Amino acid sequence: MSAMAAPRTPSSSHLIGRLPEVRGRLTADAPLSGVTWFRVGGPAEVMFRPTDPEDLKTFLAAKPEDVPVTVIGVASNLLVRDGGVPGVVIRLGRAFASVEAEGDEILAGAGALDLNIAEVARRAGIAGLEFFCGVPGTLGGALRMNAGAYGKELKDVLVWAEACDAGGQIHRVTGEDLGLGYRHSNAPADWIFLSARLAGSFGDPVAIGRRMAEIQAARSESQPIRTRTGGSTFKNPPGAKAWELIDRAGCRGLRLGDAMVSEQHCNFLINTGQATAAELEALGEEVRRRVKAATGIALEWEIRRIGVAKEEERA
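Report follows, based on the coordinates. (Residues numbered from 1 in each chain as written. Predicted model: local features only at pLDDT ≥ 70, side-chain atom pairs only at ≥ 80, totals over all residues. Heavy atoms only, no water.)

Regarding the side chain of Glu130
Here comes step 1: Summarising the element assignment, Glu130 is placed in the loop between strand E8 (126-127) and helix H3 (139-145).
Here comes step 2: Salt bridges are absent for the buried Glu130, whose nearest opposite-charge side chain, Lys152, sits at 5.9 Å.
Here comes step 3: Other than its neighbours up to four places away in sequence, Glu130 contacts Ala118, Ile208, Arg211, Met212 and Ile215. (Helix = DSSP H or I, 4+ residues; strand = E, 2+ residues; numbered from the N terminus. Buried < 20%, exposed > 50% of the residue type's maximum accessible area, 1.4 Å probe, protein only. Lys, Arg positive; Asp, Glu negative; His and termini not counted. Salt bridge = Lys/Arg side-chain N within 4 Å of Asp/Glu carboxyl O. Contact = heavy atoms within 4.5 Å.)

Digging into the packing of aromatic side chains
Here comes step 1: In total, this model carries three aromatic pairs according to the counting rule given.
Here comes step 2: Ring centres 4.5 Å apart and planes at 40° place the aromatic pair Phe48 and Phe59 in the tilted group. One end of the pair, Phe48, is in strand E2 (residues 44-49); the other, Phe59, is in helix H1 (residues 53-62), with eleven residues separating them in the sequence. As far as the burial class goes, Phe48 and Phe59 line up, both buried.
Here comes step 3: Between Phe234 and Trp301 the ring centres are 5.0 Å apart and the planes differ by 55°, which places this aromatic pair in the tilted class. (Phe/Tyr/Trp six-rings, centres within 6.5 Å; stacked < 30°, edge-to-face > 60°.)

Remarks on the environment of Phe202
Here comes step 1: For Phe202, the position within the fold is in strand E14 (residues 201-202).
Here comes step 2: Between the alpha carbons of Phe202 and Ile192 there is a distance of 31 Å; along the sequence they are ten residues apart.
Here comes step 3: Excluding residues within four positions of it along the chain, Phe202 makes contact with Gly103, Asp104 and Gly125.

Concerning the sheet that holds strand E15 (residues 228-232)
Here comes step 1: Spatially, the four strands line up as an open sheet ordered E15-E18-E17-E16, and their pairing is antiparallel. Looking at the sheet topology across the chains shown, the edges are occupied by E15 and strand E16 (255-256).
Here comes step 2: Direction of pairing for E16 relative to strand E17 (residues 259-261): antiparallel, over a ladder of two bridges. Looking across to E17, one finds that Leu256 is bridged to Ala259. (Pairing = 2+ DSSP bridges.)

Remarks on unusual backbone geometry
Here comes step 1: Even without being glycine, Arg39 reaches a positive phi, approximately 65°.
Here comes step 2: With respect to the helices and strands, Arg39 occurs in the loop between strand E1 (25-30) and E2.
Here comes step 3: The exposure class assigned to Arg39 is partly exposed, which follows from its relative accessible area of 42%.
Here comes step 4: Despite not being glycine, Tyr150 has its phi angle at roughly 55°, a positive value.
Here comes step 5: Relative to the assigned elements, Tyr150 resides in the loop between strand E9 (148-149) and strand E10 (152-153).
Here comes step 6: For Tyr150, a relative accessible area of 32% puts it in the partly exposed group.

Structural notes on the pattern of salt bridges
Here comes step 1: Per the stated rule, a full pass over the model turns up 20 salt bridges.
Here comes step 2: Measuring nitrogen to oxygen at the nearest pair gives 2.9 Å for the salt bridge that ties Arg81 to Glu281. Of this pair, Arg81 sits in the loop between strand E4 (78-80) and strand E5 (85-91) while Glu281 sits in helix H7 (residues 277-295); the two residues are 200 residues apart in sequence, bridging distant segments of the chain.
Here comes step 3: Here Glu281 falls in the buried class, since its relative accessible area comes to 14%.
Here comes step 4: Linked through salt bridges whose partners overlap, the residues forming this network are Arg81, Glu281, Glu285, Arg288 and Arg305.

Comments concerning the state of the cysteines
Here comes step 1: Under the counting rule described, the total for this entry stands at zero disulfides.
Here comes step 2: The cysteine Cys251 is free of any disulfide, with Cys266 supplying the nearest cysteine sulfur at 8.0 Å.
Here comes step 3: The exposure class assigned to Cys251 is buried, which follows from its relative accessible area of 0%. (Disulfide = S-S within 2.5 Å.)

Put into structure tokens, the structure is as follows:
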């Protein structure tokens, strides 16, 4: 079936025919491979792009309870499996991407790019948020996993966040409420983050810009950011660095088809050509197996993996 927009399609048997009317856009069988940084994966059964928070709340409150919902941002730390994602995939657009400076704090929508948060803070002379320029993705993803880089994490600057639950109710919570830890949040799985307030301190825009340049230079030098990758693949175990364990297990440069462990930074998987999601995930599992055999440590995925395998892969 070709992609088409709601409110209705000729075939009411498709999931899209069971969904409520929206002011935003509903698209059946929406391709996702062009969205993810890996450039792999199957389609979303339905893609929903809400017009604004009220449109999102109304949709969640009215949709059938048996329809699963998955939220994605710019898909920088995401692996979509080749069979696609059942149910509704929600992407927050421009209405959720505002970034505003208020005193020495930043108020940002969950769809805002982390880099844009750092840039607005720099222009406003707000220090302490420079690390966001080293975090690929959006604020919503950063809230979900307590993202961090270069010595700071989101929990260090979060004042409060607002999220919408599966019934369309809004919750305002603090970092303590969310139980933020290393690459972890206790936020319910069905919450969709909408916005957050971040605290900084007044500083010199020139010095802030200099620190951002240092972070971006260090990231460019140490990470394969110009390749089709998904960012850091595995979490750092307590007291260890994932990349060092991977290197010790002899996995630097390991390949499976067109999927490869980066030689520049071996906690990154890269798509060197026509890799499938299945190859990338299988390569990651092989790395985990070899690290466990060599060091006794079981690496945990940091990349979020969603969707289903193709039928022939499940058979």
